[in-house]
Amino acid sequence: MQLVWTQIMEILSLPLKHLLIVNCILSVVIIFFQRKNPTSVWTWLLVLYFVPIVGFIFYLLIGEDMHKRKMFRTKEVEDSIHEAIRGQEASIRTKTLQAEHPELKRYSDLIYYNLESAGAMFTDNNSVRLFTDGNEKFNALIEDMEKATQSIHMQYYIIKDDVLFSRIKDVLVRKAGEGVEVRILYDGMGGRFVKEKCWKELRAKGIRTAVFFPALLKRLHLRINYRNHRKIVVIDGKTGYVGGFNVGKEYLGLDPKFGYWRDTHLRICGDAVAGLQIRFVLDWNYAARENLLTEEKYFRLSGERAGNAGVQIISSGPDSQLQNIRNNYLRLISKAEKSIYIQTPYFIPDEAIANALIVAAYSGVDVNIMIPCKPDHPFVYWATYSYIGDMVTAGAKCYTYNNGFLHTKCLVADEQVYCCGTANMDIRSFKLNFEVNAVVYNESEAQKMVDAFREDLKVCRQITKDVYARRSLIIRFKEQISRLLSPLL
């Protein structure tokens, strides 16, 4: 028996004996074979050498994937199809767009950037409806789905099989029975709350489903990165929804853990809906191995005047050459002359975003940042609180939302234009997740977003310099540890 035990211990100790070699090899891979930010490199090296075994497992779970380019090669080819934008590029160069829309003169460079980098068409005949309450948003969505005659395309990061999804399923099953094409795309990790039996039942009733980046053996999620964080619904190619609400009862404020759920979602009608449709189709094609780009019926523009809001639909992810949404945030911050309003559940900006906000605050721009008062991810929350300290020191007005959980993701510049959608103000949304935002160029629409921010201030607590300075030693410790790990969060 003693001999057997000795042999077992020798086997278990073998990996430990070679741990230094494994760490050295992994370090070489991180430094020389992956184009990481230097801060991220040093953070990973510290994790690997200070907590060797845990660090190695941690890297396997959320570290950069050496096969990322291969994984998303198909999507990158599809995303390069930008034939229609050339005419708008010429229009901007010749100032034609500015002549038609003089109010866009300040932001013509941003419109051009989105055309060049993200293939985001600018359309000016859109109406935008703002939702800040989950019940109102989903009631409107279900009402629109009831009116569908051709197609319903639904994509969510999180879907939970509870009272809300039950309402949605009833409508989708009924519409599929009427001949409406229904497709549901969900993320492999975010959709883990719905059993496969449920998806099979939906497929049996004519609803097509697909999973983005599925789990190994249907249950084992080996990676946290590269999640499809987008929330898109397109109905008949005419009505589109994009924003922060997922599908679950907590988004209706029915989960006592979070209380009231404050989020932001947009309902868009007009030609900008085509941008959401294209985004859904590209993701569907990748996940379902089906090419819907050849189906012209999904991309027909009505030509009707829906409104006067200018909109671009922008997306980014690990398949993007540039961090499009992050760069939009940065450009809007840099161009702001009077005010900046930011609402985000996670505030872990990279160095450029943080410095731009600090410079803006020191330059007299009225910088306002609102975060939740409670964490849903503790490390992320305390890293957020650490960066809020930098903003407060620079003179920004920072607040915690105390009426439940704040999940909205929006930036408004000079009360003239805003960028809103699924992307948080953090490195994970900038680089590692698939995100989609709408940039809305319209002063009256931007004012509605600012009004919602100011309404939220009624249930907020301001984090002044004195309040931040009085935080406890335990909170300071949490901040320092979390900030050290922020490049990995």
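Because the structure is a prediction, the values reported are computed rather than measured.

Thresholds applied
Residues numbered from 1 in each chain as written. Predicted model: local features only at pLDDT ≥ 70, side-chain atom pairs only at ≥ 80, totals over all residues. Heavy atoms only, no water. Helix = DSSP H or I, 4+ residues; strand = E, 2+ residues; numbered from the N terminus. Buried < 20%, exposed > 50% of the residue type's maximum accessible area, 1.4 Å probe, protein only. Areas by Shrake-Rupley, 256 points an atom, 1.4 Å probe, with all protein chains shown as cover. Phe/Tyr/Trp six-rings, centres within 6.5 Å; stacked < 30°, edge-to-face > 60°. Lys NZ or Arg CZ within 6 Å of the ring centre and 35° of its normal. Expected span 1.5 Å × (residues − 1). Contact = heavy atoms within 4.5 Å. Pairing = 2+ DSSP bridges. Axes fitted to C-alpha atoms, helices over the stretch in contact; angles between N-to-C directions. Parallel < 35°, antiparallel > 145°, perpendicular 65-115°, else oblique. Left-handed = near helix turned anticlockwise from the far one by under 90°. Nonpolar A, V, L, I, M, F, W, Y, C, P; charged D, E, K, R; others polar. Core = buried A, V, L, I, M, F, W, Y, C linked by side-chain atoms within 4.5 Å.

Draft legend 1. A look at the overall build of the protein chain. Each helix and strand in the protein chain was counted, giving 20 helices and 18 strands. Counting over 489 residues, the protein chain shows a buried share of 56%. If you sum the accessible surface of the protein chain, you get close to 22,400 Å²; carbon and sulfur atoms cover 57% of it.

Draft legend 2. Broad picture of the packing of aromatic side chains. In total, this model carries 18 aromatic pairs according to the counting rule given. Relative to Trp-261, the ring of Tyr-251 has its centre 4.7 Å away and its plane inclined at 65°; by these criteria the two rings are edge-to-face. Of the two residues, Tyr-251 is situated in the loop between β6 (239-243) and β7 (261-269) and Trp-261 in strand β7; the sequence distance between them amounts to 10 residues. Residue classification places Trp-261 among the buried positions, given a relative accessible area of 4%. Through pairs of rings, three or more aromatic residues link up here, namely Tyr-251, Phe-258, Trp-261 and Phe-405. Between the NZ or CZ atom of Lys-137 and the centre of the ring of Phe-138, over which it lies, the distance is 3.8 Å. Note that Lys-160 overlies the ring of Phe-193, its terminal NZ or CZ placed 4.7 Å from the centroid.

Draft legend 3. Layout of helix α13 (residues 273-288). Over its 16 residues, α13 extends 22 Å from the first C-alpha to the last, a length consistent with the 22 Å expected when each residue adds 1.5 Å. Here α13 lies mainly inside the structure; 12 of its 16 residues are buried. Among all positions in α13, only Val-273, Ala-274, Leu-276, Gln-277, Arg-279, Phe-280, Val-281, Leu-282, Asp-283, Trp-284, Asn-285 and Tyr-286 are buried. Positioned one or two residues after α13, Arg-289 has a phi angle of 55°, which is positive.

Draft legend 4. Geometry of the environment of Tyr-156. Following the sequence through the fold, Tyr-156 ends up in strand β2 (residues 151-156). Tyr-156 gets classed as buried once you look at its relative accessible area, which sits at 1%. Contact partners of Tyr-156, with chain neighbours within four places excluded, come to Lys-137, Phe-138, Leu-141, Leu-185, Tyr-186, Asp-187, Arg-230, Lys-231, Val-233, Phe-245, Asn-246 and Val-247.

Draft legend 5. Broad picture of the pairing of strand β15 (residues 417-421). Counting buried positions over the five residues of β15 gives five, a clear majority of the element. Of the two faces of β15, the one carrying Val-417, Cys-419 and Gly-421 and the one carrying Tyr-418 and Cys-420 are both buried. Examined bridge by bridge, strand β14 (residues 410-413) and β15 share four bridges and lie antiparallel to one another. Bridge assignment links Cys-410 to a residue of β15, and that residue is Cys-420. Two successive antiparallel strands, β14 and β15, enclose a turn made up of three residues, where Asp-414 displays a positive phi of approximately 55°. Relative to strand β17 (residues 435-441), β15 runs antiparallel, the two being bridged by five bridges. Its bridge partner being in β17, Val-417 is matched across the sheet by Tyr-441.

Draft legend 6. Seen up close, the packing of helix α14 (residues 324-335) against helix α15 (residues 351-362). Remark: α14 packs on α15, axes separated minimally by 9 Å, with the N-to-C direction vectors making an angle of 15°. By the angle between their directions, the pair α14 and α15 is classed as roughly parallel. Note that α14 runs across α15; the crossing there is left-handed. Together, Arg-326, Tyr-329, Leu-330, Ile-333 and Ser-334 of α14 and Ala-352, Ile-353, Ala-356 and Leu-357 of α15 make up the contact between the two elements. For the contact of α14 with α15, the per-class residue count stands at seven nonpolar, one polar and one charged.

Draft legend 7. Region of interest: the nonpolar core. Within the largest apolar cluster, 55 residues are counted, with the highest numbers of intra-cluster contacts made by Ile-340, Leu-357 and Ile-369. Per-element tally for this core: the top contributor is helix α16 (residues 378-394), with 10 residues. If we skip the residues at most four places from it in the chain, Ile-340 touches Ile-333, Leu-357, Ala-360, Val-365, Asp-366, Val-367, Asn-368, Leu-411 and Val-412. Core analysis: the next-biggest nonpolar cluster, separate from the first, contains 41 residues, Val-128, Leu-292, Ala-438 and Met-449 among them.

Draft legend 8. Representation of the pairing of strand β5 (residues 232-235) within the structure. Burial along β5 is two-sided: the face carrying Ile-232 and Val-234 and the face carrying Val-233 and Ile-235 are both buried. Sheet topology note: the β2/β5 ladder contains four bridges and is antiparallel. Bridged to His-153 within β5 is Val-234. Here β5 runs beside β6; their pairing, made up of four bridges, is antiparallel. Bridge pairing in β6 links Ile-235 to Thr-239. Taken together, β5 and the strand that follows it, β6, pair antiparallel across an intervening segment of three residues, in which Asp-236 is found at a positive phi of about 55°.

Fair warning: the whole summary comes from geometry, so function is off the table for now.
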